[in-house]
Amino acid sequence: MDIGTSSIKAAMAEVHGQDVHLLGITEVPSFGLRKGSIIDIESTAKSIDNCLSELERLTGIEIYSALLGFSGVSISVVNNHAVIAVANPTYEITQEDKERVLNSARNLSLPLDKAIIQIIERQYIVDNYDGVKDPVGMVGSRLEAEVSIVVGAIAAIQNLQRSANRINLHVDNLMYTALLGAESVLTPSEMEMGVVLVDIGGGTTEVTHFEEGSVLQTSVLPIGGEYITKDLAIVLRTSMEEANRIKERHGVASPDMAKSDLMINVHNIQGKDAREVSQQVIAEIISARVIEMTELIYAELKQFQCLNRMPGGIVLTGGGAELVGFADIMEEYISVPVRLGLPENMKGLPTDFNRPQNAVVLGGILYSARQRAVKHEDTSRIFGLIDRITYWLKDLFR
Ligand SMILES: Nc1ncnc2c1ncn2[C@@H]1O[C@H](COP(=O)(O)OP(=O)(O)OP(=O)(O)O)[C@@H](O)[C@H]1O
Ligand SMILES: [Mg+2]
């Protein structure tokens, strides 16, 4: 599930080995969140429930648990590093050594209102050899771990947990949406070389820098597509619903992309009388906000000091990225390549669902499928070991 400010999305898939077969995807309006954070547990619970009921109807499968993707301005990434001496006299690194160094790396002194949401292993360094993905079984005397730790407000995590409890939904896992979006839209080589994923939602924009295959820095800005809608509603003196409809149907990011002779019907705030406004005028209003949002994103990249460490450029995703011309304006302003991030890592996706807005929810499916594959490998490894032990016992008693 993607618990967003504008909408709540859910997807279900069947996984057979490498094959991920999408069974259904649903979306309902989200009530109870502002700028990515829950401000009303009851309404959030109801929205989640509606979304899941629809998915149950669609697939005919009852849902008891889910992976929840969430965001909010309290989220940040802390990079940490730890060193241990390998305990084994033969210097073979064991699972215990790995756990020991990870435990040491997760030892952060956090403010009382913050907690760790997720730990991402960036790399291990064995006796100064870096770039090691899994050190278990290697030989060395000094083991280092570099990790990225996603941190968020305890209150935000608890509010989400409470919303789920309200409807008896078991939370399998809580994850930061930017990392889920990355699963479905970024290519492995972009992630390796350096890329920035910008997810423009309704109430938030996540700016995340990836390098060497994992997250380095992230920032959640308290603005999104609703910011444009609100401005349109005020200037055009109409309702938010009408402004949103106009933006999504006729909006473009810059006046020179608009047709001056295309007139659009705008209903007044009561939804009755309509007048005509040119697409040009609408584009002028939108463009001011688009430039402002682009400036804020650019300021974040400068803060990250990553402008010359992102050969993959910017990948623009989330519903807000669907505004015609947004990617072009951003490319022009920031002078780095900008491409639209569709959830293309999900193979065989029907075109209707292949939209930036579905990047996070489908990323959740891909992430879960991958985790399941790893778990499966782990259990077969354990079974392998048990098999070997029984054979050894048989040998002994022969
Ligand atoms: N075709 C379109 N043109 C312009 N904007 C669009 C279009 N389609 C969707 N949007 C905008 O995308 C936004 C919703 O995006 P998304 O579903 O990714 O947000 P969310 O995940 O619910 O919110 P957040 O991530 O901020 O919590 C809305 O502001 C909506 O108006
Ligand atoms: Mg979102």
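Our subject in this report is the structure included herewith. The model shown is predicted, which means the values in this text are computed figures rather than measured ones.

Residues Asp97, Val101 and Ala105 constitute the buried set of helix H2 (residues 95-105). Projected down its long axis, H2 shows its buried positions confined to an angular sector of 75°, all on one face. The exposed residues of H2 that point more than 90 degrees off its buried face are Gln95, Glu96, Glu99 and Asn103. Contact partners of the buried residues in H2: strand S7 (76-85) and strand S10 (142-153).

Attention shifts here to unusual backbone geometry. Even without being glycine, lysine 35 reaches a positive phi, approximately 50°. Along the chain, lysine 35 falls in the loop between strand S4 (33-34) and strand S5 (37-38). C-beta crowding within 10 Å serves as the criterion here: with 19 such atoms nearby, lysine 35 is assigned to the partly exposed category. Backbone geometry places arginine 237, a non-glycine residue, at a positive phi of 50°.

In terms of nonpolar packing, the biggest core is built from 81 residues, with Leu197, Leu316 and Phe326 touching the most fellow members. Looking at this core element by element, the count peaks at eight residues for helix H8 (residues 279-304). Looking at which domains feed residues into this core, each of domain 1 (76-153) and domain 2 (187-344) gives three or more. Those residues in contact with leucine 316 that lie beyond four places of it in its chain are Val198, Ile200, Ala321, Phe326, Ala327, Met330, Val338, Leu340 and Gly341. Val86, Tyr124, Leu143 and Val147 belong to the second-largest nonpolar core, a separate cluster that totals eight residues.

Gly4, Thr5, Gly201, Gly225 and Gly319 are the nearest of the 26 residues found near ligand 1. Elements represented by at least two residues in the shell around ligand 1 include exactly helix H6 (225-236) and helix H7 (240-250). When its residues are assigned to classes, the shell around ligand 1 shows one nonpolar, 20 polar and five charged.

For strand S12 (residues 195-200), a buried count of six out of six residues is recorded, marking the element as mostly surrounded by other parts of the structure. Here S12 shows no split at all, with Val195, Leu197 and Asp199 on one side and Val196, Val198 and Ile200 on the other all buried. With six bridges joining them, S12 and strand S13 (residues 205-211) adopt antiparallel strand pairing. Its bridge partner lying in S13, valine 198 is registered against valine 207. Counting the residues between successive antiparallel strands, the hairpin from S12 to S13 contains four residues. Inspection of the sheet shows S12 paired to strand S17 (residues 314-317) by four bridges, in the parallel sense. Its bridge partner being in S17, valine 196 is matched across the sheet by isoleucine 314.

In spatial order, the strands read S7-S10-S8-S9; together these four strands make up an open sheet with antiparallel pairing. Every interior strand has two partners, whereas the edge strands, S7 and strand S9 (129-132), have only one. Along the sheet, successive strands turn relative to each other by an average axial angle of 35°, direction set aside. Of the strand pairs in this sheet, strand S8 (residues 114-126) and S10 are connected by eleven bridges, and their pairing is antiparallel. Bridging from a neighbouring strand, tyrosine 124 pairs with alanine 145 of S10.

One way to put it is that H6 packs onto H7 with a least axis distance of 8 Å and a crossing angle of 110°. Here H6 is positioned roughly perpendicular relative to H7, judged by the angle of their axes. Crossing of H6 over H7 shows right-handed handedness. Contacts between H6 and H7 involve Ile228, Thr229, Lys230, Leu232, Ala233 and Leu236 from the former and Met240, Ala243, Asn244, Ile246 and Lys247 from the latter.

Below, the discussion takes up the pairing of S13. Burial runs high along S13: seven of the seven residues are buried. Every second residue of S13 is oriented toward a common face, with Thr205, Val207, His209 and Glu211 on one face and Glu206, Thr208 and Phe210 on the other, all of them buried. The antiparallel hairpin formed by S13 and strand S14 (residues 214-221) contains two residues in its connecting segment, where glutamate 212 sits at a positive phi of about 50°.

The subject of this paragraph is the environment of alanine 66. Note that alanine 66 resides in strand S6 (residues 65-70). For alanine 66, a count of 22 C-beta atoms within 10 Å gives the class buried. For the pair formed by alanine 66 and alanine 45, sequence separation is 21 residues and the distance between their alpha carbons is 14 Å. Alanine 66 has contacts with Met1, Leu169, Val171 and Asp172, leaving out every residue within four places of it along the chain.

Calculation notes
Residues numbered from 1 in each chain as written. Chains lettered and ligands numbered in written order. Predicted model: local features only at pLDDT ≥ 70, side-chain atom pairs only at ≥ 80, totals over all residues. Buried ≥ 20, exposed ≤ 12 C-beta atoms within 10 Å, placed from the backbone. Helix = DSSP H or I, 4+ residues; strand = E, 2+ residues; numbered from the N terminus. Arc of directions from axis to C-beta. Contact = placed C-beta atoms within 7 Å. Core = buried A, V, L, I, M, F, W, Y, C linked by C-beta atoms within 7 Å. Domains from an automatic or database assignment. Near = placed C-beta within 6 Å. Nonpolar A, V, L, I, M, F, W, Y, C, P; charged D, E, K, R; others polar. Pairing = 2+ DSSP bridges. Axes fitted to C-alpha atoms, helices over the stretch in contact; angles between N-to-C directions. Parallel < 35°, antiparallel > 145°, perpendicular 65-115°, else oblique. Left-handed = near helix turned anticlockwise from the far one by under 90°.

By themselves, these are just geometric observations and shouldn't be taken as functional.
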